[in-house]
Amino acid sequence: MQSISPEIIFRGNDAWEKALPQISKFTNSPLILGRSFNTYDLRNKIFRDLKNQNIFANTTNLKFDCCYEDISRVKNTILDNSHDSVIACGGGKVLDAGKYIAELLNIPCITVPFSASTCAGWTALSNIYTKNGQFIRDVALRSCPKVLVYDHKFIQTAPSRTLASGIADALAKWYESSITSSTIDDGLVQQAIQISRVLRDQLLIDGEKAYKGQFENKPSWRNTIEACGLTAGLVGGIGGEKCRTAAAHAIHNAITQIITPNKFLHGEIVGVGLLLQLRLEEMKNNNKLADQSIKQLFALMKALNLPTTIGQLGINVFENNNLEKIADFTCRDNSEIHFLPFEINKLDIIEVISNFEQQKIKI
Ligand SMILES: [Zn+2]
């Protein structure tokens, strides 16, 4: 069974207003789930708009992260108040928590991303973290959300940093899926990889323009936010489980074990992981194109003010056994790193990271 996309997608300016009549057909008592204080006004607008349709919603926020503590508390709130749907409004953590809770309770989930930092509004996947933001596991859900509302006016209010982060995460789709899945004999997977290549090209063309002109709502910005929030989700939907992540996300997951909670966004960490993955490909797989890709990505990441080393994520890898801790978690048994078509061990990770952090290899 494969769930390729949300049942209904509303996109563009005023997508929320267009979605309202549809949403009112299947929910009378939704729970609006959010997190950040900065997006309170948007959630309040959603609450008022629902009320005007005679839909009486409750609101609650994640206290920590998409973690078991918050999931079980929000689940109980829904059960105690007999809510009949979840409207998850925010970034990836909120969207992931909303989807997961809705699935546990067998009620519909409506995702309303408030930034382009993630494709979590689309996908049938939730990443679970600890209260302190350390990655635990990802959970494959039975289905994508029932409704995705990708309202450009909402997304335009997000800090441009979230767009940069979304670009880095979406770029990883091509670099990860092409190395892990190019030998899979499945037409849909191959086509998903090709879409992720087109997605990468779009971001290389438009990403910087979009980032610098975010508040002008130009075609480059619209193309970029839709690439990050929609196309990246479509790649995951069509490619399914076989269209896998690889080293960039494995290294991200390891870095979350030691990083200051909530200081850096998912894509900001994945971007650093992506540069390291390409170095691994060069070192272990003799990939001559990897250096070219690093140069290309590095220039874009600099233009987007993205971190490009683990040091810039606030971690000195040469202190507190950090290097060993990252290598251990990256290479643990069920890590995505083992989807790479060549063997990777802890020493490889230590070598590639320590060279990279000391900039022994010039970019
Ligand atoms: Zn990601």
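Scroll up to find the structure this text is about.
Residues numbered from 1 in each chain as written. Predicted model: local features only at pLDDT ≥ 70, side-chain atom pairs only at ≥ 80, totals over all residues. Heavy atoms only, no water.

*Asks:* Summarise the packing of helix 6 (residues 160-181) against helix 10 (residues 266-285); cite the residues concerned and give the values.
*Replies:* Remark: helix 6 packs on helix 10, axes separated minimally by 7 Å, with the N-to-C direction vectors making an angle of 30 degrees. When the axes of helix 6 and helix 10 are compared, the pair comes out roughly parallel. Judged by the sense of rotation from one axis to the other, the crossing of helix 6 with helix 10 is left-handed. For the pair helix 6 and helix 10, contact is made by Arg161, Ser165, Ala168, Asp169, Leu171, Ala172, Tyr175, Glu176 and Ile179 and by His266, Gly267, Glu268, Val270, Gly271, Leu274, Gln277, Leu278, Glu281 and Asn285, respectively. Of the residues in the contact of helix 6 with helix 10, the class split is 8 nonpolar, 6 polar and 5 charged. (Axes fitted to C-alpha atoms, helices over the stretch in contact; angles between N-to-C directions. Helix = DSSP H or I, 4+ residues; strand = E, 2+ residues; numbered from the N terminus. Parallel < 35°, antiparallel > 145°, perpendicular 65-115°, else oblique. Left-handed = near helix turned anticlockwise from the far one by under 90°. Contact = heavy atoms within 4.5 Å. Nonpolar A, V, L, I, M, F, W, Y, C, P; charged D, E, K, R; others polar.)

*Asks:* How would you explain the coordination of the zinc ion if you had to name every residue and give the values?
*Replies:* The zinc ion binds to the protein through Asp169 (OD), Asp169 (OD), His249 (NE2) and His266 (NE2), with metal-donor distances spanning 2.1 to 2.7 Å. Around the zinc ion, the 4 donor atoms sit at angles spanning 51 to 145 degrees, and that spread fits a shape best called irregular. Coordination of the zinc ion draws on donor residues from a single chain, spaced D-x79-H-x16-H in sequence. Here histidine 249, found in helix 9 (residues 247-255), pairs with histidine 266, found in helix 10; they are 17 residues apart in sequence, far enough to count as distant. Exposure remark for histidine 249: the relative accessible area of 12% places this residue in the buried category. (Donors = N, O, S within 2.8 Å, 3.2 Å for Na, K, Ca; no water. Tetrahedral: all angles 85-135°; square planar, octahedral: opposite > 155°, others 65-115°. Buried < 20%, exposed > 50% of the residue type's maximum accessible area, 1.4 Å probe, protein only.)

*Asks:* I'd like a rundown of the nonpolar core, residues and numbers included.
*Replies:* When a protein is soluble and globular, its nonpolar side chains tend to lie buried together. One finds Ile255, Ile310 and Ile353 to be the most contacted residues of the largest nonpolar core, which totals 99 residues. Ranked by residue count, the leading element in this core is helix 6, at 10 residues. Membership of the second largest hydrophobic core comes to 20 residues, among which are Ala15, Ile32, Ile87 and Phe114. (Core = buried A, V, L, I, M, F, W, Y, C linked by side-chain atoms within 4.5 Å.)

*Asks:* Account for the sheet that holds strand 3 (residues 58-61), with residues named and values stated.
*Replies:* Taken in spatial order, the 6 strands of this open sheet run 1-8-5-4-2-3, and their pairing is parallel. The open sheet terminates on both sides in strands that have one partner only, identified here as strand 1 (8-12) and strand 3. Adjacent strand axes in the sheet meet at a mean angle of 15 degrees when their direction is disregarded. Of the pairings in the sheet, the one linking strand 1 to strand 8 (residues 147-151) comprises 5 bridges and is parallel in character. When the bridges of strand 8 are listed, arginine 11 appears paired with tyrosine 150. (Pairing = 2+ DSSP bridges.)

*Asks:* Before we move on, can you summarise the pairing of strand 6 (residues 125-129) with the specific residues and values?
*Replies:* Burial of strand 6 is extensive: 4 of the 5 residues sit out of reach of the surface. Turn length for the strand 6-strand 7 (residues 135-140) hairpin, with the two strands adjacent in sequence and antiparallel, is 5 residues, and the turn residue glycine 133 shows positive phi of about 85 degrees.

*Asks:* Tell me about helix 2 (residues 40-52), residues and numbers included.
*Replies:* The first and last C-alpha atoms of helix 2 sit 18 Å apart over 13 residues, in line with the 18 Å expected at 1.5 Å per residue. Restricting attention to buried positions, one finds in helix 2 the residues Leu42, Arg43, Ile46, Asp49 and Leu50. Across the axial projection of helix 2, the buried residues extend over an arc of 120 degrees, all falling on one side. The outward face of helix 2, more than 90 degrees from its buried face, is lined by the exposed residues Asp41 and Asn52. Two residues or fewer past helix 2, asparagine 54 is found with a positive phi of approximately 60 degrees. (Expected span 1.5 Å × (residues − 1). Arc of directions from axis to C-beta.)

*Asks:* Lay out helix 9 in plain terms, naming residues and giving numbers.
*Replies:* Within helix 9, 9 of the 9 residues are buried, which leaves it mostly tucked inside the rest of the structure. Of the residues making up helix 9, those classed as buried are Ala247, Ala248, His249, Ala250, Ile251, His252, Asn253, Ala254 and Ile255. If you follow the buried residues of helix 9, they end up packed against strand 6, strand 7, helix 6, helix 10 and helix 12 (322-330).

*Asks:* Please give an account of the packing of aromatic side chains that cites residues and values.
*Replies:* Evaluated as defined, the whole model comprises 2 aromatic pairs. Relative to phenylalanine 154, the ring of phenylalanine 114 lies with its centre 5.7 Å away and its plane at 90 degrees, an arrangement referred to as edge-to-face. Of the two residues, phenylalanine 114 sits in the loop between strand 5 (109-113) and strand 6 while phenylalanine 154 sits in helix 5 (residues 152-156), which places them 40 residues apart along the sequence. The interplanar angle of 80 degrees and the centroid separation of 5.8 Å between the aromatic rings of tyrosine 129 and phenylalanine 135 together place this pair among those described as edge-to-face. Classification of tyrosine 129 by relative accessible area gives buried; the value is 3%. On the basis of relative accessible area, phenylalanine 135 is assigned to the buried category, the value being 5%. The aromatic ring of phenylalanine 329 is capped on one face by arginine 332, whose charged end is 4.0 Å from the ring centroid. (Phe/Tyr/Trp six-rings, centres within 6.5 Å; stacked < 30°, edge-to-face > 60°. Lys NZ or Arg CZ within 6 Å of the ring centre and 35° of its normal.)

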